[in-house]
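Below, each chain spelled out in residue letters.
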Amino acid sequence: MKSRIRMKGNLRAYMQLPLYWTGFLVLLTVPAYILDWRLGVGATGFTLIYFCAELILYLKAKPKLASEVINFATRYATVQKHLLNEFEIPYALLDYNGKILWMNQEFRGLTGVDQGYHKSITSLFSSLTKEVLQKPEFPDDFYVDTEEKHFRVAANHIYFDTVADHSALMSIENSEEFLIAIYLFDETQLRHYMQENEDQKLVSALVYIDNYEETMSSIETVKQSFLTALVDRRVAQYFGKVDGLVRKVERDKYFVIFRHKFLTQLEEDKFKVLEDVKAIKIGNEVPITLSIGIGLSGETYTENYDAARAAIDLALGRGGDQAVLKNDAEITYYGGKAKEVERNTRVKARVKAHALREILESRDNVIIMGHSLTDIDSLGAGIGVYCAAKFLGKKAQIVINNPTSSVRPLLETFVPDAGYPEDMFINSEEALEALNYDSVVMVVDTNRPSYTECPELLKRANTVVVFDHHRQNSEVIENPTLSYIEPYASSACEMVAEVLQYFDDNMKIEPAEADCIYSGILIDTNNFMQKTGVRTFEAAAYLKRCGVDVSRVRKKMRNDMDAYKARAEAVRHAEVFRGAFAISVCPGEGIESPTIVGAQAANELLNIVGIKASFVLTEYNERIYVSSRSIDEINVQIIMEKLGGGGHMNVAGAQLEGYTIEQAKEVIMQTLDSMLEEGDIVV
């Protein structure tokens, strides 16, 4: 790099001012010639003598003056260096590549190196890399840590051609690189006080007993108060360990507050109180379970309480027996391993039936939709709602974009020749056109907006109703007018069949409609072998009274030869992982509904001795669909949630994007390994 030193600014003007006077003298010679030529010659001679003298003086004085200026700058720089060296803030000067050129006493004392240390700054602070230092704008929130202290880093780029501004004495030209000045600001105390403030914040929590009525009805009356006292004691002792305040607000509800610093302790033991309460046995046939909702990061106590309310609603909507932490948009789940307990009372179904009737009566038309890739349960539930709307004389339409081969035999039943309207089934575009201010959108068999046939419909609708039997996740349909989510139910069809019984005493559904609803129950329970309770059979009995023909249903649910072979291939090529998990791939070529076949294969794999859970992967529409099943020992729902999916304890699924089949299998195996290691699942 070639450079030369030159004067600039006020110093340059001061030195060259006498030379500028020569021009003024030249102008004076003109009137001198006009007055007298002899006077003009004299003036010209004087001007030449003056210019030569000034030029000689300028050329001789410039080096001396420059030397004096440099000496002054050197002394000035020495003073600056002395001040910087004793500067209380750690300071260092680096070259373009991050190599240390100079550092003050504070910086040397902090890092424990001497003045001769000229290695890269990265050797002292690994996060201060060359790439970070050379960024045009250094990050404002960049921090480095030592063993005892925490520092905020500030950095400036010093370019050689801008070391001095126009008012400076000298500048260095033709520079292509720059120096880097870094400052370390000690924020240890600040962070300590901030952490103390965060730790002292109060966290609001709500603790509910999920199955109070069911548990109390399973125990002798004289023991009921003792059981309640045991639960109260376990809850009080658990939160008492973290200096928590517990107040019982109802017979099955508690309000808890504790300091934020103890939350990590509760998370580490994964809210052990859930298992402690479940272990209480004094003759109760039904284990008692808790749900915990915790709200964080609110600006006020009211906001934290509202977050706790949202968290407890989510925990209950997912079947209970779990703790849910809501930290702004981030939601964390703990527990949820217990099987959902079936409620024997139908009070809730009756209340929801009456509420649904009131909503339908006040609207002009009903648009019904389930999840994308509509299956038989989604279709059957939609048909049930269609029956309710038809009974009230309301126009109802069901949104199905691409019917699969599994539902097509049922769809062919509802044709104009059988008395059904031509526009009974519509696609998303037609649904958006049919939507108006007085429409109600009915969502069945899903509670995630992104999983529906037409998510845009939910954004535009004024009235939304949700009926679903899947556990809720962090993604939920916001602000529904009516929400009926029961994770213990076997299927959405079971829920709809119960509601229809209380909708109106004079209501009667046609045999074809009953067949469709019955088919949904049959599929989701795997022929009444999974997640089947008393209310499941009662719903089936009601549909049987409405004219269900089991033989007719069986004929409509048969698979074609290609699908049957694909299912057999998936079973034949299954791999056994960790001696308890069956993992297989369902071939999708030439099959219209490969995801349905994959689910069937997952059910088949459970018939193998020693298999506690099955996972079948199906590639379809550039996605990997995972169907998981278990009998009773493994909670596949929490496994699928790790992959972004969900479902029930014994029936769950997930969708993976951006993976190949082999990569997806590897992800499932790694997830199982980590959950086994952490104790979330046990084989």
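This write-up is about the structure you can find in this document. (Residues numbered from 1 in each chain as written. Predicted model: local features only at pLDDT ≥ 70, side-chain atom pairs only at ≥ 80, totals over all residues. Heavy atoms only, no water.)

1. Points about the packing of helix H12 (residues 376-391) against helix H17 (residues 511-524)
Argument step 1. In the contact formed by H12 and H17, the axes pass within 8 Å of each other and the chain directions differ by 145°. Classified by chirality, the crossing of H17 by H12 is left-handed. For the pair H12 and H17, the contacting residues are Ile376, Asp377, Leu379, Gly380, Ile383, Gly384, Cys387 and Lys390 in the first and Glu513, Cys516, Ile517, Ser519, Gly520, Ile523 and Asp524 in the second. (Axes fitted to C-alpha atoms, helices over the stretch in contact; angles between N-to-C directions. Helix = DSSP H or I, 4+ residues; strand = E, 2+ residues; numbered from the N terminus. Left-handed = near helix turned anticlockwise from the far one by under 90°. Contact = heavy atoms within 4.5 Å.)

2. Notes on the nonpolar core
Argument step 1. Ranked by size, the top nonpolar core spans 61 residues in total, and within it Leu356, Ile368, Met442, Phe467, Ile509 and Leu543 carry the most contacts.
Argument step 2. Top element by residues in this core is H12. It accounts for nine residues.
Argument step 3. Residue contacts for Leu543: discarding those within four places in its chain leaves Ala497, Ile509, Ala514, Ile517, Tyr518, Ile521 and Val548.
Argument step 4. Within the second largest apolar cluster, 35 residues are counted, among which are Tyr238, Phe239, Phe271 and Leu325. (Core = buried A, V, L, I, M, F, W, Y, C linked by side-chain atoms within 4.5 Å. Buried < 20%, exposed > 50% of the residue type's maximum accessible area, 1.4 Å probe, protein only.)

3. Examining the pattern of salt bridges
Argument step 1. If you walk through the whole model with that rule in mind, you get 26 salt bridges.
Argument step 2. With a shortest N-O distance of 2.8 Å, Lys270 and Asp680 are connected by a salt bridge. Within this pair, whereas Lys270 is found in the loop between helix H8 (263-268) and helix H9 (273-278), its partner Asp680 is found in the segment after helix H23 (661-678), the two being separated by 410 residues in sequence.
Argument step 3. You can call Asp680 buried: its relative accessible area is 14%. (Salt bridge = Lys/Arg side-chain N within 4 Å of Asp/Glu carboxyl O.)

4. Observations concerning the packing of H12 against helix H16 (residues 492-503)
Argument step 1. The N-to-C vectors of H12 and H16 enclose an angle of 15°; their axes lie 8 Å apart at closest approach. Classified by the interaxial angle, the pair formed by H12 and H16 is roughly parallel. Here the hand of the crossing between H12 and H16 comes out left-handed. Of H16, the residues touching H12 (which contributes Ile376, Asp377, Gly380, Ala381, Gly384, Val385, Ala388 and Phe391) are Ala492, Cys493, Val496, Leu500 and Phe503.
Argument step 2. Here the contact of H12 with H16 is built from residues that sort into ten nonpolar, two polar and one charged. (Parallel < 35°, antiparallel > 145°, perpendicular 65-115°, else oblique. Nonpolar A, V, L, I, M, F, W, Y, C, P; charged D, E, K, R; others polar.)

Interpretation in functional terms is not warranted from these geometric data alone.
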